[in-house]
Amino acid sequence: MDFEPIVLGGDTLGYSYARELHRCYSSKTTMLAGADIKYSSASRFTDYHTIEDIDKEQRLMEWLHTHAGHFDAQPVVIAGASDWHVRNLSRHKQELEELGYVIPYIDFDLLDDITQKDRFYARCDRLGMPYPKTIVVPFSDSYDDSVLAGTSMRVVREKRELSGLSYPLIAKPSNSADWHYADIPGKNKVYIVSSEQELFSIYDAVAASSYSHALLIQERLSASDESLHTLTTFSDANGTAIVAVSGDVLVQDRSATGIGNPLVIMSTGKHHDLLEAAGRFLADTGYEGYANFDVMDDADGNPHFLEVNTRPGRNTYYVSLAGCPFVKPLIEHFVMHHDLHDALSAKELAADDDFLFTMVPRSVIDHETHGAKHDDAMRMFDSGHWSSPLLCREDTLRQRFWGRVNFEHMRLKF
């Protein structure tokens, strides 16, 4: 069956989609982005369009309505490279499917529920999945705290009630998509808070903004990058995980807007206990498609679920490195309507190859990692058993140049 892919966003995940769709299906991806990201626009795998405000709901819907039915092949599947892309696609899923698009994401009611981290933690609590100690600070008078009943989470509605906490703490939004659009001076994806004065300053900035969900104040579980694990699952219409891959994060992004994003991920054997817990979540929600879970260990090595992303994460190319081209479950299930047990090989279903995924050069890994994981990573790197999604020998010389520039430029973050 012929099909045509559209990818929203030209970042790492966007390019990963394009290269894997070309490798597996010889497809050229129509890529829509708000800026010219050179390592994607220079690719022979993309038909790249720079469109002002395409990440905004109204502009995106206008474009999709205008172009519906005008593609060379049908069906047309749309994938988003960011939370807000996926949120907009899910919100208009029925409308877009009536126009002939394939939207490989869960329905909006479920997406909206589980991507609000306070609600995610409430579900974790019920399912016996550990999560960080959390104080919920609503920024809306209509906030409904009944969903938190019976959990260990505490709701605080006044700034003065935050006095007397022990530091350092983590502060982060419960709703990442709403946070993306809010105008907040010095906005971070996640704040590491060292004092009450700093916490109060963050509170005041959020209160003065358009952000209308909750701010979560949490214990800081660990200061080590190596305490973080990533789980990626693809589940069928019954919420049964068909492909499941885990990896240990060795290095995280340090920038304010990217903090917490894994830059180096290494396989260390499957975390079956964490994948089993994630499987309970998938079954409980009847989750269909890709999910990505972030898990962090505390100082004693005890894991805590931090969040679920209702899409492949920006680093999901590591699933390909584990042995299952990450676009295949999505295309075979949502576009081809094949049973994945038949459509994927035994190797792809197992997805248990060793891998070292890296967005940074060897010197950064050498400097930022320690102990046995450092030694294992160095052996894998020096033996050539590593890969970066932006470095593709089969792409154009210009793309390879910009991919290498991005790769080497990452040194400046450390």
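Residues numbered from 1 in each chain as written. Predicted model: local features only at pLDDT ≥ 70, side-chain atom pairs only at ≥ 80, totals over all residues. Heavy atoms only, no water.

(A) Focus on the packing of helix H1 (residues 12–25) against helix H12 (residues 327–335). It is the contact of H1 with H12, at a shortest axis distance of 10 Å, that shows an interaxial angle of 65°. In terms of orientation, H1 lies roughly perpendicular with respect to H12. Both H1 and H12 take part in a crossing whose hand is right-handed. Packed against H1, whose contacting residues are Tyr17, Glu20, Leu21, Cys24 and Tyr25, the element H12 presents Val327, Lys328, Leu330, Ile331 and Glu332 at the interface. Class assignment of the residues belonging to the contact of H1 with H12 gives a composition of seven nonpolar, no polar and three charged. (Axes fitted to C-alpha atoms, helices over the stretch in contact; angles between N-to-C directions. Helix = DSSP H or I, 4+ residues; strand = E, 2+ residues; numbered from the N terminus. Parallel < 35°, antiparallel > 145°, perpendicular 65-115°, else oblique. Left-handed = near helix turned anticlockwise from the far one by under 90°. Contact = heavy atoms within 4.5 Å. Nonpolar A, V, L, I, M, F, W, Y, C, P; charged D, E, K, R; others polar.)

(B) Spatial organisation of the pairing of strand E14 (residues 289–297). Within E14, nine of the nine residues are buried, which leaves it mostly tucked inside the rest of the structure. In this sheet, E14 lies alongside strand E11 (residues 228–235) in antiparallel orientation, the contact comprising eight bridges. When the sheet's bridge partners are listed, Ser235 is paired in E14 with Gly289. With six bridges connecting them, E14 and strand E15 (residues 303–309) associate as antiparallel partners. Its bridge partner lying in E15, Phe293 is registered against Val308. Between E14 and E15, which pair antiparallel one after the other, the connecting turn spans five residues, and Gly301 there sits at a positive phi close to 85°. (Buried < 20%, exposed > 50% of the residue type's maximum accessible area, 1.4 Å probe, protein only. Pairing = 2+ DSSP bridges.)

(C) Quick look at helix H4 (residues 83–91). All of the buried residues in H4 are His85, Val86, Arg87, Asn88, Leu89 and Ser90. Contacts made by the buried residues of H4 are with strand E1 (4–8), helix H3 (57–67), strand E4 (76–80), helix H5 (93–98), helix H6 (108–114) and helix H8 (176–181).

(D) Summary view of the sheet that holds strand E16 (residues 356–358). Pairing in this open sheet of six strands is antiparallel, and the strands run E15-E14-E11-E12-E13-E16 from one edge to the other. The sheet is open, and its two edges are formed by E15 and E16, each paired on a single side. Across this sheet, the average inter-strand angle for adjacent strands is 30°, counted without regard to direction. Sheet topology note: the E11/strand E12 (residues 241–252) ladder contains seven bridges and is antiparallel. Note on E12: the bridge partner recorded for His229 is Asp248. Together, E11, E12, E14 and E15 form the strand contacts of helix H10 (residues 272–285), whose direction differs from that of E11 by roughly 45°.

(E) Just the sheet that holds strand E10 (residues 214–219), in detail. An order of E7-E6-E10-E8-E9 is seen for the five strands of this open sheet, with the pairing classed as mixed. With partners counted over all chains shown, the strands left at the sheet margins are strand E7 (154–155) and strand E9 (191–193), one partner each. Sheet topology places strand E8 (residues 169–173) next to E10; five bridges connect them, and they run antiparallel. Across the sheet, Ala171 pairs through a bridge with Ile217, a residue of E10. Contacts from helix H9 (residues 196–207) reach strand E6 (134–138), E9 and E10 within the one sheet, and its direction differs from that of E9 by about 140°.

(F) Geometry of the pattern of salt bridges. Summed over the entire model, instances satisfying the criterion amount to 24 salt bridges. Arg126 serves as the salt-bridge partner of Asp284, at 3.0 Å between the closest nitrogen and oxygen. Of this pair, Asp284 sits in helix H10 while Arg126 sits in helix H7 (residues 117–127), placing them 158 residues apart in sequence. Looking at Arg126, the relative accessible area reads 54%, which means it is exposed. A salt bridge links Asp145 to Arg157, with the shortest nitrogen-to-oxygen separation between them at 3.8 Å. (Salt bridge = Lys/Arg side-chain N within 4 Å of Asp/Glu carboxyl O.)

(G) Quick look at the nonpolar core. Ranked by internal contacts, the top residues of the largest apolar core, which has 114 residues, are Ile6, Tyr17, Tyr101, Phe293 and Phe305. Broken down by element, the residue count for this core peaks at seven residues, all from E12. Counting residues in each nonpolar core, the second largest holds 21 residues, with Val137, Val156, Val206 and Tyr211 among its members. (Core = buried A, V, L, I, M, F, W, Y, C linked by side-chain atoms within 4.5 Å.)

(H) Examining helix H16 (residues 371–382) more closely. The end-to-end C-alpha separation of H16 is 17 Å, in line with the 16 Å expected for twelve residues at 1.5 Å each. Buried residues along H16 sit against E12, strand E13 (262–266), E16 and helix H15 (362–368). (Expected span 1.5 Å × (residues − 1).)

(I) A look at unusual backbone geometry. The amide bond that connects Tyr167 to the next residue, Pro168, takes the cis arrangement and shows omega of 5°. Structurally, Pro168 can be placed in the loop between E7 and E8. A positive phi angle, close to 65°, is found at Asp53, a residue other than glycine. Inspection of the secondary structure assignment puts Asp53 in the loop between strand E3 (46–50) and H3. Even without glycine at this site, His337 takes up a positive phi of about 60°. Tracing the sequence through the fold places His337 in the loop between H12 and helix H13 (340–343). Take His337: its relative accessible area is 63%, and that puts it in the exposed class.

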